[in-house]
Amino acid sequence: MKLGIVGLPNVGKSTLFNAMTGGGAQAANYPFCTIEPNVGVVPVPDERLSVLAKMYDPEKITPATIEFVDIAGLVKGASQGEGLGNKFLSHIREVDAIVHVVRCFENEDIVHVDKGIDPVRDADVINMELILSDMEILERRRGRAEKARKGDPAAQTELDLIDKLTERLNEGKSPRGMTFSDKENALLAEMPLLSMKPQIFAANVSEDDAVNPMANPRYAALAAYAGESGSEIIAICAKIEEELAELDPEERGMFLADLGLEHGGLERLVQASYALLGYISFLTAGKKEVRAWTITKGMTAPQAAGKIHSDFERGFIRAEIVRYEDLVELGSVAAARENGSEIVAICAKIEEELADLDPEERAMFLADLGLEHAGLERLVKASYALLGYISFLTAGKKEVRAWTITRGMTA
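Being a predicted model, the structure only gives us computed values, none of them experimental. Residue positions are given per chain, counted from 1 along the sequence in the order it is written. Whole-chain, interface and lining totals are the exception, using all residues; otherwise, since this is a predicted model, local features are given only for residues with pLDDT of at least 70 and side-chain atom pairs are given and counted only at 80 or more. Each side-chain value is derived from all of the structure's non-hydrogen atoms; neither hydrogens nor water enter the calculation.

Considering the environment of Ala336
To keep things clear, this is the line we draw: Strands here mean DSSP runs of E at least two residues long; helices mean DSSP runs of H or I at least four residues long; both are numbered from the N terminus. Relative accessibility thresholds used throughout: buried, under 20% of the residue-type maximum; exposed, over 50%; partly exposed, between the two (1.4 Å probe, protein chains only).
Mapped onto the secondary structure, Ala336 falls in helix α14 (residues 333-338). Residue Ala336 is classed as buried on the basis of its relative accessible area, which comes to 0%. Placed 11 residues apart in sequence, Ala336 and Glu325 show a C-alpha to C-alpha distance of 9.9 Å.

What follows is the structure in structure tokens.
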């Protein structure tokens, strides 16, 4: 995962980057102190790794990682080359998502390029530059599509999409969150549109506002703006992150507790980034290594195995499932088995084939394999039994519906 940190000059981008990555990006009280992008690779915080490491005593522990890119400050007119705009915009095209740092704190000693603190105005400056850059890209594509339309009927689909996007951009709004057809999504994948990139606003607040940022009217206004633009938002205090970077894990916990914070800004930013991009982690554990792997939510077990090695995906046989909580409590998969924890054998290859069949074909396919039920059904049945759930039904002319309740509930 590659995240680009952007924002106006002097909003705390490089300070935040240094605190999170331990990097040496220049942070100074004047615009454009960062010219070339600084890059830092950060381990993804995951307390499960430490727990598994105690259980397996591995030779090494390998966390998942995120690559942060500190991109130089953008200014109004960047899409037309102001500041070092075009160069900076090209760096944004290379990242998976944008972390948009916006200043929400007062400090007379730190200059602001627009001589005043207004987070919504500042956010809009950057977003408008991304929109203007995208409009130029769309106009160039329009010219090529119009020339190709006579001999290529598919070019009309692209022209219709360009019109749809241009209309949205002309309103000063990001296309983020719009609905597109499969054909349109295929075309969008070929368009390096900046305003379509997933975005998280990192509101740089003061230490006083870190615990309850909504009490700061500037943050509240930015949160509303983020919602309207289809973006996420987290409050982060770069000053606190600087101090946390100097502490060991135990001191960090005490420091955060004293502030009334459960997690540091890096952990919250990572969690928000994973959710935004639809990522999750899965873990492998053994004597040789305990490791976290980043995959896309919804991947099949063979696809996840392929992240470890392509041969694992091609030769995948089955997956054994045990609750993480049971594994931790009982100390091993074998102990979990002996304790009666449910382990369900599933062949993801069979499940993939079943997904393409209608109910009658599914039954015949399973019968030919000598199976009574598909993996999903067995997994759901085991999960219900494990958690003590049952279903009851309601039926009528308007609706027939199943409801999940805990076994032993009264009527």
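Quick look at the pairing of strand β7 (residues 232-236)
On any regular strand, side chains alternate: one points to one face of the sheet, the next to the other face. Note the following rule: In this scheme, strands are said to pair when DSSP sees at least two bridges between them. By the criterion used throughout, a crossover qualifies as right-handed when its path from the first strand across the helix to the second strand runs clockwise, the strands pointing away from the viewer.
Taken together, the five bridges between strand β6 (residues 199-204) and β7 define a ladder with parallel strand orientation. Across the sheet, the residue bridging to Asn204 is Ile236, located in β7. In this fold, β6 hands off to helix α7 (residues 217-228), which returns the chain to β7; that crossover is right-handed.

Here we look at the pattern of salt bridges
We count it as follows: We define a salt bridge as a side-chain nitrogen of Lys or Arg found within 4 Å of a carboxyl oxygen belonging to Asp or Glu.
Tallied over the full model, the rule gives 13 salt bridges. The closest approach of N and O atoms between Arg48 and Asp46, which form a salt bridge, is 2.9 Å. A residue is classified by how much of its surface remains accessible, and Asp46, at 18% relative accessible area, is buried. Close ionic contact of Arg141 with Glu190 constitutes a salt bridge, the shortest N to O distance being 3.7 Å. Of this pair, Arg141 sits in helix α4 (residues 119-148) while Glu190 sits in the loop between α6 (182-188) and β6; the two residues are 49 residues apart in sequence, bridging distant segments of the chain. Each of Lys60, Glu289 and Arg291 takes part in a single network of salt bridges with overlapping partners.

A look at the sheet that holds β7
Strand pairing in a sheet takes place through backbone hydrogen bonds and is either antiparallel or parallel in direction. Threshold: Only the stretch in contact is used when a helix axis is fitted, and all axes are lines through C-alpha atoms; the angle between N-to-C directions ranges over 0 to 180 degrees.
The six strands lie next to each other as β2-β4-β1-β5-β6-β7, forming an open sheet whose pairing is mixed. Across the chains shown, the open sheet's two edge strands, defined by having one partner strand only, are β2 (38-43) and β7. Mean inter-strand twist for the sheet, computed between neighbouring axes without regard to direction, equals 25°. Sheet topology note: the strand β1 (residues 2-6)/strand β4 (residues 65-70) ladder contains four bridges and is parallel.

Here's the deal with the sheet that holds strand β3 (residues 60-62)
Ordered by their spatial adjacency, three strands build an open sheet running β3-β9-β8, and the pairing between neighbours is mixed. At either end of the open sheet lies a strand with only one pairing partner, and these are β3 and β8 (279-285). Adjacent strand axes in the sheet meet at a mean angle of 20°, parallel and antiparallel pairs treated alike. For β3 and strand β9 (residues 289-296), the ladder comprises three bridges, and the chain directions are parallel. Its bridge partner lying in β9, Lys60 is registered against Glu289.

Quick notes on the side chain of Lys197
Heads up, the rule is: Positive charges are assigned to Lys and Arg, negative charges to Asp and Glu, while His and the chain termini are left out of the count. The criterion used for residue contact is that any of the two residues' heavy atoms lie within 4.5 Å.
Assignment of secondary structure puts Lys197 in the loop between α6 and β6. Asp96 is the oppositely charged side chain nearest to the buried, salt-bridge-free Lys197, at an N-O distance of 6.3 Å. Once residues lying within four places of it in the same chain are set aside, the contact partners of Lys197 are Ile92, Arg93, Val95, Ile98 and Arg176.

What about unusual backbone geometry?
When glycine is set aside, most residues are seen to have a negative phi, and most peptide bonds are trans. Phi at Asp57 takes a positive value of approximately 45°, unusual for a residue other than glycine. On the secondary structure map, Asp57 appears in the loop between α2 (47-56) and β3.

Remarks on the pairing of β8
In the sheet, β8 pairs with β9 via seven bridges, with the strands oriented antiparallel. By the bridge assignment for β9, Leu283 is matched with Ala292. Linking β8 back to β9 in an antiparallel pair, the connection comprises three residues.

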